[in-house]
Amino acid sequence: MLDQSASVIVKRKNIQVVFDYCLDNRIETRMTPRDMPEEWELEFNVSDIMKAISLGMFLKENKLELVGLLNTSTIKNS
């Protein structure tokens, strides 16, 4: 699971909120544009478990859902 990264897809109007949170908490983030004109994918590189938990709580409060964290085929096989 170490080679998997957490990412979230956000609309352009919500990028600033997530970006400010990452700056305040010193979380490395990579932004890439999506096919849709107003959507961006933010990929997080979190090395500390406490930062990961607080990031998850922040995303839940802002009604944002993680994508790309776990592969569903590995869950079905276990």
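See the structure above.
Residues numbered from 1 in each chain as written. Predicted model: local features only at pLDDT ≥ 70, side-chain atom pairs only at ≥ 80, totals over all residues. Heavy atoms only, no water.

**Points about unusual backbone geometry**
Here is the rule: Put simply, DSSP marks the helices as runs of H or I at least four residues long and the strands as runs of E at least two long, and each gets a number from the N terminus on.
Here R26, not a glycine, exhibits a phi torsion of approximately 55 degrees, which is positive. Locating R26 in the fold gives a position in the loop between helix 1 (15-24) and strand 2 (28-33). Notably, K63 is not glycine yet its phi reads approximately 55 degrees, a positive angle. Mapped onto the secondary structure, K63 falls in the loop between helix 2 (49-61) and strand 4 (66-67).

**Here we look at the packing of aromatic side chains**
The geometry of an aromatic ring pair comes down to the distance between the two centres and the angle between the two planes. Under the convention used in this document: Ring pairs shown here join Phe, Tyr and Trp side chains whose ring centres sit within 6.5 Å, with only the six-membered ring taken for Trp; geometry is labelled stacked below 30 degrees between planes, edge-to-face above 60, and tilted in between.
In total, this model carries one aromatic pair according to the counting rule given. Ring centres 4.1 Å apart and planes at 5 degrees place the aromatic pair Y21 and F58 in the stacked group. One end of the pair, Y21, is in helix 1; the other, F58, is in helix 2, and 37 residues separate them in sequence.

**As for the pairing of strand 1 (residues 6-11)**
Test applied: Strand pairing follows a simple DSSP-based rule, namely that at least 2 bridges must link the two strands.
Direction of pairing for strand 1 relative to strand 3 (residues 39-45): antiparallel, over a ladder of six bridges. Residue pairing across strands places I9 opposite E41, the latter belonging to strand 3. Where strand 1 and strand 4 come together, two bridges link them in antiparallel fashion. Looking at strand 4, one finds that V8 is bridged to L66.

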